[in-house]
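Listed below, chain by chain, are the residues.
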Amino acid sequence: TEVTPWQLGPDVMSMLPKRPGERYYREYEDDQGTFTTHVPYSNIVKCALTPAEFARNWDDKLSEELEALAQEQEFDLRRRIAGQWVCITDEQAIWRAPASQQFADKF
């Protein structure tokens, strides 16, 4: 069974709640006047690098930061930001850090 794609019409769009400064915009509009939505988040930026290139750049910059933290004797912060890549594919790179090291009251 094929599922009908989900989309909002202009009448529903006007009723959606928005935070101050947030706006919805049309990604595309079809001939019936319906459109899909996207809400941009200012803290998320698209990157043109491949996941492997991003991971390499991340590792380089993190190594520099970890070295600087060691010189500054910021061992606690150094321990909390350390982690590792658990998966790097053509589509994504997944980074993990021990949660117990990030926040003392986590466990």
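Residues numbered from 1 in each chain as written. Predicted model: local features only at pLDDT ≥ 70, side-chain atom pairs only at ≥ 80, totals over all residues. Heavy atoms only, no water.

Caption draft 1: Highlighting the packing of aromatic side chains. Summed over all chains, the structure comprises five aromatic pairs. Relative to Trp95, the ring of Trp85 has its centre 5.1 Å away and its plane inclined at 70 degrees; by these criteria the two rings are edge-to-face. Within this pair, whereas Trp85 is found in strand S3 (residues 84-88), its partner Trp95 is found in strand S4 (residues 93-96), the two being separated by ten residues in sequence. Cluster of aromatic residues (ring-pair linked, three or more members): Phe54, Trp58, Trp85 and Trp95. (Phe/Tyr/Trp six-rings, centres within 6.5 Å; stacked < 30°, edge-to-face > 60°. Helix = DSSP H or I, 4+ residues; strand = E, 2+ residues; numbered from the N terminus.)

Caption draft 2: A look at the pattern of salt bridges. According to the stated counting rule, one finds two salt bridges in the structure shown. With its nearest N and O atoms 2.7 Å apart, the salt bridge here joins Arg79 to Asp76. Linking Arg79 with Asp76, this pair stays in helix H3 (residues 75-81), spanning three residues, or about one helical turn. What makes Arg79 partly exposed here is its relative accessible area of 43%. In this structure, Asp76 engages Arg80 in a salt bridge whose closest nitrogen and oxygen atoms are separated by 3.2 Å. Linking Asp76 with Arg80, this pair stays in helix H3, spanning four residues, or about one helical turn. A residue is classified by how much of its surface remains accessible, and Asp76, at 39% relative accessible area, is partly exposed. We classify Arg80 as partly exposed; its relative accessible area is 33%. One salt-bridge network, held together by shared partners, links Asp76, Arg79 and Arg80. (Salt bridge = Lys/Arg side-chain N within 4 Å of Asp/Glu carboxyl O. Buried < 20%, exposed > 50% of the residue type's maximum accessible area, 1.4 Å probe, protein only.)

Caption draft 3: Representation of a nonpolar patch on the surface within the structure. Nonpolar side chains collect at one region of the surface, where Leu49, Phe54 and Trp58 lie side by side and expose about 250 Å² of accessible area between them. Relative to the helices and strands, Phe54 resides in helix H2 (residues 51-71). We classify Phe54 as partly exposed; its relative accessible area is 34%. (Patch = residues over 30% accessible without salt bridge, like charges linked within 9 Å, V, L, I, M, F, W, Y side chains within 5 Å. Areas by Shrake-Rupley, 256 points an atom, 1.4 Å probe, with all protein chains shown as cover.)

Caption draft 4: Structural context of H2. Taking 1.5 Å of rise per residue, the 21 residues of H2 would be expected to cover 30 Å, and the 30 Å separating its terminal C-alpha atoms lies within 8% of that figure. The inward-facing, buried residues of H2 contact H3, S3 and S4. Positive phi appears at Gln73, one or two residues downstream of H2, with a value of about 60 degrees. (Expected span 1.5 Å × (residues − 1). Contact = heavy atoms within 4.5 Å.)

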